Amino acid sequence: MPNISSTMKFLADRTHLAIIAAKFSCGAPRAGAGKGPEAIMQTGVFQEIATKANLAIDFDVLAAEPATADHTEAKEKEEGGLVYQHARRGRLVLTVGGDHSIGAGTVTGTAKALRDQFAGQQQQEQQELGVLWIDAHADINTPETSRSGRLHGMPVAFASCLAPSPQSGCLRDVDEAEKELIARHQVKAFTMEDVNRLGIDKIMEAALDHMGPDTPIHASYDIDSLDPEWAPSTGFPVPAGLSLE
Ligand SMILES: [Mn+2]
């Protein structure tokens, strides 16, 4: 599994933390998620991360506009392009949402940057991106399986090409159709039951082991993975989630 020294080496190779505030809420039925980036920025946590890791901050804002399907597609494309540009320059990229439809753009932008970085090198030198998705939901519905039709429940499907992206893309609350997709595509998944049984350390170890020691990782963290006790204002709270500990 990636150990602390490989993490330190990764950080030592970076000069910039690129923060993208994606104030989108058009992938979800309620508008509050778009205010997330500002609320988090006000805590000063980004500055703290940058200072601790000795990184300069590069800051972009993608502002929300009136929600239409076309607008959502265009924003995701723009966001994916920004993530790509920063990742391609070797920056540590932190995109802050917004609703989780942003995950389609963050994963595809990072994956493309990685592929371009290794383009022209030997097959064995090339690396594929590992994605760690921490969420109360699986977010792997396709437009066909989704009951709500909302994009924030589909980013994993778009990012992994299970569904063509709109342009062409317990666990605690997983739909039957999503369970089927997870099984069919052999996605390694851990539930809250697993976390409760084995503890979060073991689960993280197993997740990282599964991806392998040298795999570049994109983590996508949904605040609804926390128990509603800690994050009551998320759009779709689900009981019995992760504790702050
Ligand atoms: Mn999510």
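Thresholds, definitions, all that
Residues numbered from 1 in each chain as written. Predicted model: local features only at pLDDT ≥ 70, side-chain atom pairs only at ≥ 80, totals over all residues. pLDDT = per-residue confidence, 0-100. Helix = DSSP H or I, 4+ residues; strand = E, 2+ residues; numbered from the N terminus. Buried ≥ 20, exposed ≤ 12 C-beta atoms within 10 Å, placed from the backbone. Contact = placed C-beta atoms within 7 Å.

Student: Describe in detail the confidence of the model for the protein chain, supporting the description with residues and values.
Tutor: Parts of the prediction with low pLDDT should not have their coordinates interpreted in detail. For the protein chain, per-residue confidence averages 87 on the pLDDT scale, and 91% of positions sit at 70 or higher. Taken element by element, the predicted model of the protein chain shows its lowest mean pLDDT in helix α1 (residues 4-12) (72) and its highest in strand β4 (residues 130-134) (96).

Student: Describe in detail the environment of threonine 110, supporting the description with residues and values.
Tutor: Looking at the element boundaries, threonine 110 is found in helix α5 (residues 102-118). A count of 24 C-beta atoms within 10 Å places threonine 110 in the buried class. Along the primary structure threonine 110 and arginine 88 are separated by 22 residues, whereas in three dimensions their C-alpha atoms are 8.0 Å apart. Ignoring sequence-local partners within four residues, the contact set of threonine 110 consists of Val83, Ala87, Val93, Leu129 and His218.

Student: So what's going on with the environment of alanine 33? Which residues, and what values?
Tutor: For alanine 33, the position within the fold is in the loop between β1 (16-22) and α2 (36-41). Through-space distance from the C-alpha of alanine 33 to that of histidine 100 is 8.9 Å; in sequence the pair is 67 residues apart.

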